[in-house]
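Given next are the chains, with one letter for each unit.
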Number of protein chains: 2
Amino acid sequence: MLEKRYETADIRKACVRDSFWDRYTGQVPERIIPYQWDMMNDRISAEEKSGCIHNFKAAAGEEEGGFTGMVFQDSDLAKWLEAAACSLATRPDPDLEKTIDEAVDLLERVQDESGYFDTRFILQEKDKRWTNLLEAHELYVAGHFIEAGVAYYQVTGKDKLLNIVRKNADLICDTFGPEEGKRAGVPGHEEIELALVRLYQVTGEERYLDEAYHFINERGKDPSLLLRLHEEYGSNIFPGLICDPPYNQTHAPVREQDTAEGHAVRAVYMLSAMADLAWYKQDEGLLDACERLYDNITKKRMYITGGIGSAGVGERFTTDYDLPNHSAYAESCASIGLAMFCRRMFQITGDAKYADTMETALYNTVAAGISLSGDRFFYVNPLEVWPDACRKNPDIAHVKEERQGWFACACCPPNIARTLASIHQYAWYADEGSLAIALYTGGRWETTLAGERAVLEIATEYPFDGEVRIKIDQLERETPAKILLRRPGWTQEMQIWVNGESISVQASGVCMIGIERTWKQGDEIRIQMEMKPRFMQARPDVRADCGRTALMKGPLVYCLEEADNGDDLQALRVDPAQGITEHMRDDILGGVMTLECAGYRLDREDWGDELYRPLAGAAREEKPVKLTAVPYCFWNNRGCGEMLVWMRY
Amino acid sequence: MLEKRYETADIRKACVRDSFWDRYTGQVPERIIPYQWDMMNDRISAEEKSGCIHNFKAAAGEEEGGFTGMVFQDSDLAKWLEAAACSLATRPDPDLEKTIDEAVDLLERVQDESGYFDTRFILQEKDKRWTNLLEAHELYVAGHFIEAGVAYYQVTGKDKLLNIVRKNADLICDTFGPEEGKRAGVPGHEEIELALVRLYQVTGEERYLDEAYHFINERGKDPSLLLRLHEEYGSNIFPGLICDPPYNQTHAPVREQDTAEGHAVRAVYMLSAMADLAWYKQDEGLLDACERLYDNITKKRMYITGGIGSAGVGERFTTDYDLPNHSAYAESCASIGLAMFCRRMFQITGDAKYADTMETALYNTVAAGISLSGDRFFYVNPLEVWPDACRKNPDIAHVKEERQGWFACACCPPNIARTLASIHQYAWYADEGSLAIALYTGGRWETTLAGERAVLEIATEYPFDGEVRIKIDQLERETPAKILLRRPGWTQEMQIWVNGESISVQASGVCMIGIERTWKQGDEIRIQMEMKPRFMQARPDVRADCGRTALMKGPLVYCLEEADNGDDLQALRVDPAQGITEHMRDDILGGVMTLECAGYRLDREDWGDELYRPLAGAAREEKPVKLTAVPYCFWNNRGCGEMLVWMRY
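These numbers come from a predicted model, not from an experiment. (Residues numbered from 1 in each chain as written. Chains lettered and ligands numbered in written order. Predicted model: local features only at pLDDT ≥ 70, side-chain atom pairs only at ≥ 80, totals over all residues. Heavy atoms only, no water.)

K.L.:
Would you take a moment to explain the interface of chain B and chain A for this structure?
P.N.:
Each partner contributes residues to the interface: chain B has 68 residues there, and chain A has 68 residues. The largest contributions to the chain B side of the interface with chain A come from B:Gln537, B:Arg543 and B:Tyr612, which together make up 15% of the buried area. Between the two partners, chain B and chain A, sit 8 salt bridges. At the surface where chain B touches chain A, the tally comes to 38 residue pairs in polar contact (both at pLDDT 80 or more). Listing elements by their share of the side of chain B that touches chain A, those giving two or more residues are helix H13 (284-300), helix H16 (387-392), strand S14 (534-538) and strand S20 (612-614) of chain B. Looking at the side of chain B that touches chain A element by element, the count peaks at 4 residues for S14(B). (Contact = heavy atoms within 4.5 Å. Buried area = accessible area lost by both parts, 1.4 Å probe. Salt bridge = Lys/Arg side-chain N within 4 Å of Asp/Glu carboxyl O. Polar contact = N/O pair within 3.5 Å; in protein donor to acceptor, adjacent residues only side chain to side chain. Helix = DSSP H or I, 4+ residues; strand = E, 2+ residues; numbered from the N terminus.)

Below you can see the structure in the form of structure tokens.
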């Protein structure tokens with residue numbers, strides 16, 4: 001039923017370079033990787049301590065002291081290893097490679113004969129391995145190490161880490177399964193499933209694929225299973241956390257789930273594996289569920305920024321259209337997971353809508369997750385921030401008014417790092433006869449065009465400008481092939497030229513536009529996407545946004561910041577009828593297109609000290625003002641202050 | 001410096017009767033008192049179990065089983081006893097009196113020789129009495145029993161309960177104090193202070209007043225004291241609860257506190273005692289602090305409904321102007337406490353503004369706390385409710401979409417009961433030479449007018465109508481005296497006639513208008529307050545209310561309900577320019593004045609299934625509709641549905 005699957009760009013042969021992503025990807029080797037390594041080694045004294053590397057040294061018997069941090073603290077190292085591996089792909093660095101190898105050696109010394117290496121259960125509760133699937137995250141940690149092992153092998157060809165994680169994966173396959181003598185159960189936090197698929201992809205070993213399929217198939221068949229296992233375990237790793245079946249997506253078999261429920265990161269990690277397995281197992285039920293849950297997320301449960309999971313308690317989905325702005329959770333990791341899921345859906349369907357969603361998540365929430373300095377992070381990504389309330393109203397204690405250096409639960413920083421280090425794998429795709437460009441990142445992509453080696457050089461100022469030039473280089477002979485270009489859903493018009501000659505495009509809405517011809521060395525595709533800034537609205541069902549509008553330009557959501565508009569942003573009202581003007585500003589945020597529009601500010605001058613008073617007639621007590629908006633992803637790079645996406649109009 | 005103090009109406013000689021309060025006070029003996037007694041005796045099977053009476057029986061050795069419920073579960077009985085006592089004052093009921101006496105006998109059997117009777121620490125941790133002042137609530141429970149003992153003595157003259165609580169109060173005085181050998185410490189939850197003042201008022205025993213003064217004076221001098229005592233105690237009664245010093249108002253000495261902080265109920269109970277002590281100790285520093293904190297609450301931290309405490313986590317104050325509507329806490333008990341505080345401030349200052357605030361709290365939030373059926377209660381009083389989110393977004397799990405039959409923490413139901421049973425004590429006041437009418441409740445008030453017995457008969461349809469008739473009856477001889485009438489802050493005009501003759505009133509804003517003359521039997525005061533419905537606004541600092549308006553008529557805040565306006569209330573916008581019409585509706589809510597105004601509803605018809613889309617020009621996609629509002633206090637008496645106070649305009 002599924003006919004083909006795009007491969008992502010080869011991690012070793014692609015490199016994103018453009019003025020937007022350079023702000024972030026340029027930081028990966030320079031700042032992000034070293035900073036996070038120092039943090040995991042507890043070398044940065046002023047921040048929340050990690051203890052991550054300590055745990056490995058202690059588990060190897062090389063350092064005193066017990067386990068410290070979250071039960072899944074090991075996964076920080078795993079995600080960092082994956083990020084570091086990806087970074088090496090585009091920028092070789094012998095020192096970094098040596099550091100990675102030493103970390104791999106340490107992991108090897110921790111791993112026992114059975115293949116087990118989770119430091120939490122080596123240092124504590126040795127006899128309780130694999131028992132508390134609800135909370136213990138052992139399969140989650142294992143999954144992230146598999147992803148690291150696969151990436152490091154793909155980039156360097158070194159198989160030591162791959163062999164370590166294979167041994168661990170074999171242990172998992174021997175431990176969990178439907179066969180007599182194996183344990184029942186599914187992971188409380190999905191991740192192992194998509195990781196086992198990746199392990200299958202590089203090893204060709206079917207048992208990994210089958211184990212992933214087993215976990216997905218069993219999920220939700222017995223909704224109380226994880227709770228029973230937890231009861232047998234006998235204590236709480238996370239006291240007070242409500243792990244009801246929907247929290248872990250175990251409330252119903254995955255093929256019968258109609259709405260995205262529970263912990264948002266878990267949900268999209270699960271969906272990522274389901275999309276992979278829909279392909280490899282040609283499983284229509286899984287594909288249907290993926291499409292249904294994608295629709296539920298993107299049509300009812302997603303912020304305009306691509307953030308998902310609106311509740312702080314449980315970091316979870318709530319109900320359709322419940323998207324409060326100032327108390328949003330919208331975890332950085334959840335938007336990364338959404339992009340991972342959409343990438344896989346795009347790979348197997350080629351449907352451009354998934355690329356649109358991926359783009360929304362990456363250019364807004366994921367990018368917002370990290371400072372332009374590369375060493376501060378948002379875990380939570382609200383659409384409205386009033387610092388005073390963040391500090392003093394414990395109901396929104398999860399919303400931080402500024403990016404943090406590290407977290408007690410530090411899942412996001414290394415997750416952002418590995419995502420930034422592999423942006424090209426979200427952008428560019430190939431199958432036997434065609435190439436597909438899903439995201440208009442600039443850069444260099446060495447690939448195979450219908451069997452022929454080719455290098456695509458992509459130059460653009462996207463997303464500040466809608467022009468993209470794609471030059472086909474190093475193509476040794478003329479090659480008939482199809483190149484597919486995404487027509488984003490947000491554009492009104494998209495024009496394409498090949499070697500200056502206009503291509504007739506009969507398309508509207510989001511779709512892939514295929515150009516089929518015989519390509520030759522030096523061919524140039526030029527794309528021009530209409531990218532006027534626009535006022536957006538949410539459907540009236542979204543309570544928080546009624547009577548409000550948000551500014552967008554291309555895929556970028558904009559926001560008002562106190563730095564440009566003064567404080568009390570809630571007192572501002574925009575007048576959409578007066579239009580929007582664009583200003584390229586080189587003096588702020590490393591160069592950015594700002595949007596300006598006319599509006600009004602509620603006047604406080606004629607108020608005494610009263611809190612409430614009668615409305616004075618029908619006239620609004622307002623003063624005209626100019627509003628200046630900057631891209632949401634860049635907010636909070638100019639000190640602490642208020643921020644607002646949805647403005648009253 | 002404080003020259004006089006009004007006494008509240010004698011509990012035995014006053015009775016509120018009007019069409020507003022009859023809905024509630026009429027229920028007190030008929031429904032509320034018996035229902036709550038059955039609940040505390042665990043005779044109502046379908047609801048949250050109380051275990052309250054069981055705890056007393058177990059502590060008396062008359063029933064098997066240990067302590068159950070909250071550490072302060074005993075206080076439910078205490079508040080119920082006070083409510084029942086007040087109820088007897090206006091409606092004798094031998095069966096109820098017998099029940100009370102049996103409960104008093106039970107308490108007597110629980111009390112040990114030292115005077116101690118807290119069942120939690122009799123049944124558990126006998127050796128830890130009076131140690132964990134941060135969490136254990138022993139002084140809070142003791143205070144509520146003192147209030148019950150005082151009320152029952154005042155109403156019936158029976159002193160058995162009074163003697164029991166005196167013995168307990170003596171134990172407290174012997175245990176805590178500045179003297180050598182006594183314990184240091186202040187209560188984690190204030191209540192004992194105001195109760196000891198009440199005990200002093202009926203007994204004349206100075207040590208009770210001094211003990212209250214001691215607790216107030218010590219409070220906050222040593223901010224970490226309660227935390228240190230808790231550490232010595234060694235475990236957590238409320239795991240996870242953050243009891244930082246501001247939570248308990250121990251962050252600074254009370255005279256140095258500038259903002260209302262922490263748990264809202266505690267703050268206003270503390271302030272109530274401070275107001276009392278400002279009078280009895282002629283303590284200017286306390287009076288200043290009371291005025292300052294009153295200003296902070298009413299000018300920066302109070303909902304338009306008189307609700308206070310905007311955070312669910314910690315049931316607490318947050319920061320100035322942080323008044324979110326859908327996640328409001330605004331506990332019923334906190335508004336009761338605000339009324340208690342304002343009553344005391346009115347008693348010692350005679351300033352009408354305190355009566356205005358008291359009225360706002362009582363007619364809106366306190367009344368909203370109980371159903372018209374008398375047996376369902378709101379603990380939390382939000383100003384916007386979307387039932388689906390209340391059920392599915394754990395961030396607002398504290399907000400219940402419907403009143404509940406009982407609560408695990410059942411502080412509010414009996415607190416509402418005792419307040420309803422003593423409304424006249426908030427309304428009517430007397431001192432040597434004058435009477436003061438602070439609230440325009442109807443009813444009968446037997447009092448002393450400058451030394452002469454008189455009965456005031458007050459007839460009104462207030463708050464649905466602004467006319468009040470006060471007839472002076474049973475006045476045996478002509479008496480020169482002053483009668484003070486509150487001019488509410490919300491009225492534009494107030495006219496007064498005595499025996500049909502207009503009295504010249506030169507006043508604006510909130511104030512007391514004094515009529516000094518020689519009164520005689522049969523004199524009639526007629527008051528006419530302009531009470532046009534009005535659109536209100538919050539100052540622009542209140543983020544949640546910017547661009548919104550609320551409807552009020554007199555002291556009543558109105559709201560939209562789904563029952564009258566359909567669902568998706570957020571899609572509605574009101575047009576204030578088109579005015580408000582009033583409709584007396586006898587068919588709903590036991591007879592109620594509804595307010596109607598013109599508005600618009602955001603149209604969903606031209607939407608597909610997309611979540612976001614560009615704004616279509618500047619034109620709003622709206623349809624005209626009629627909006628119908630009902631008094632906020634009566635909401636949720638017609639089934640589960642949405643509710644909204646602050647409407648977009």
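K.L.:
Even after reading the chapter, I still don't get the packing of helix H13 (residues 284-300) of chain A against helix H14 (residues 332-349) of chain A, so can you show me in this structure?
P.N.:
To characterise two packed helices, one gives the angle between the axes of the helices and the distance between these axes. All names here are of chain A. It is the contact of H13 with H14, at a shortest axis distance of 12 Å, that shows an interaxial angle of 130°. Taken together, the axis directions place H13 and H14 in an arrangement best described as oblique. Crossing of H13 against H14: the hand is left-handed. Within the contact between the two elements, H13 uses Leu287, Cys290, Glu291, Tyr294 and Ile297 and H14 uses Leu338, Phe341, Cys342, Met345, Ile348 and Thr349. (Axes fitted to C-alpha atoms, helices over the stretch in contact; angles between N-to-C directions. Parallel < 35°, antiparallel > 145°, perpendicular 65-115°, else oblique. Left-handed = near helix turned anticlockwise from the far one by under 90°.)

K.L.:
So what exactly am I meant to see when it comes to the sheet that holds strand S11 (residues 501-503) of chain A here?
P.N.:
Strand pairs in the sheet, formed through backbone hydrogen bonds, run parallel or antiparallel to each other. All names here are of chain A. The 7 strands are arranged S2-S6-S7-S8-S13-S10-S11 in an open sheet whose pairing can be described as antiparallel. Edge positions in the open sheet fall to strand S2 (14-16) and S11, since each of these has one partner strand only. For this sheet, the mean inter-axis angle between neighbouring strands, taken without regard to orientation, is 25°. (Pairing = 2+ DSSP bridges.)

K.L.:
Which parts of the structure should I look at to understand the pattern of salt bridges?
P.N.:
Between side chains of opposite charge, a pair can form as their charged atoms come close. All told, the structure shown has 126 salt bridges over all chains when counted by the stated rule. A:Asp258 is the partner of A:Arg292 in a salt bridge, and the nearest nitrogen-oxygen pair spans 3.0 Å. Of the two residues, A:Arg292 is situated in helix H13 and A:Asp258 in the loop between helix H11 (225-233) and helix H12 (264-280); the sequence distance between them amounts to 34 residues. Look at A:Asp258 and you get partly exposed, because its relative accessible area is 49%. B:Arg418 is the salt-bridge partner of B:Glu147, the closest N and O atoms lying 2.9 Å from each other. With B:Glu147 in helix H7 (residues 138-156) and B:Arg418 in helix H17 (residues 412-420), this residue pair connects regions lying 271 residues apart in the sequence. (Buried < 20%, exposed > 50% of the residue type's maximum accessible area, 1.4 Å probe, protein only.)

K.L.:
Just checking my understanding: could you explain the pairing of strand S21 (residues 622-631) of chain A for this structure?
P.N.:
Regular strands place side chains that alternate from one sheet face to the opposite one. Residue and element names in this part refer to chain A. Summarising the sheet, strand S16 (residues 556-561) and S21 pair through 3 bridges and their orientation is antiparallel. Among the inter-strand pairings, leucine 560 is bridged to a residue of S21, identified as alanine 629. The pairing of strand S19 (residues 592-602) with S21 spans 8 bridges and is antiparallel. Counterpart to leucine 602 in the pairing with S21 is glutamate 622.

K.L.:
I tried to follow the relation of the copies chain B and chain A on my own but got confused; where do I start?
P.N.:
Taken together, a rotation about one axis and a shift along it account for how the two chain copies relate. The two copies are related by a screw operation: chain B maps onto chain A through 180° of rotation and 0.0 Å of translation along the axis, at an RMSD of 0.0 Å. Taken together, the rotation angle and the small translation identify this as a two-fold axis. The C-alpha atom lying nearest the rotation axis in chain B is that of B:Asp395; the distance is 3.5 Å. Taken as a fraction of all interface residues of chain B, those also at the interface in chain A reach 100%, which identifies the copy contact as same-surface. (Least-squares fit on C-alpha atoms with pLDDT ≥ 70 in both.)

K.L.:
Honestly, the sheet that holds strand S12 (residues 511-519) of chain A in this entry has me stumped. Any pointers?
P.N.:
Residue and element names in this part refer to chain A. The mixed open sheet is built from 5 strands, whose spatial order is S1-S4-S5-S9-S12. A strand with exactly one partner marks an edge of an open sheet, and here the two such strands are strand S1 (7-8) and S12. Here S1 pairs with strand S4 (residues 428-430) via 2 bridges, running antiparallel. In the sheet register, threonine 8 faces S4, and the bridge partner there is tyrosine 429. Those strands touched by helix H15 (residues 352-368) are S4, strand S9 (479-487) and S12, and its axis lies near 55° from that of S9.

K.L.:
Can you walk me through the packing of aromatic side chains in this structure?
P.N.:
What describes a pair of aromatic rings is the distance from one ring centre to the other and the angle between the planes of the rings. Under the defined criterion, the tally for this structure stands at 64 aromatic pairs over all chains. The interplanar angle of 35° and the centroid separation of 5.8 Å between the aromatic rings of A:Phe20 and A:Phe634 together place this pair among those described as tilted. A residue pair is termed long-range when its members are at least 10 positions apart, and A:Phe20 in the loop between S2 and helix H1 (22-25) and A:Phe634 in the loop between S21 and strand S22 (643-644) qualify at 614 residues. Like A:Phe20, the residue A:Phe634 is buried in the burial classification. On the basis of an interplanar angle of 80° and a centroid distance of 5.1 Å, the ring pair of B:Tyr116 and B:Trp130 is categorised as edge-to-face. With B:Tyr116 in the loop between helix H5 (94-110) and helix H6 (119-123) and B:Trp130 in the loop between H6 and H7, the pair connects residues that are 14 residues apart, well separated along the chain. As far as burial versus exposure is concerned, B:Tyr116 and B:Trp130 are alike and both buried. Above the ring of A:Trp519, the side-chain terminus of A:Arg517 is found at 5.5 Å from the ring centroid. Above the face of the B:Tyr233 ring, B:Lys128 is positioned so that its terminal group lies 4.8 Å from the ring centre. (Phe/Tyr/Trp six-rings, centres within 6.5 Å; stacked < 30°, edge-to-face > 60°. Lys NZ or Arg CZ within 6 Å of the ring centre and 35° of its normal.)

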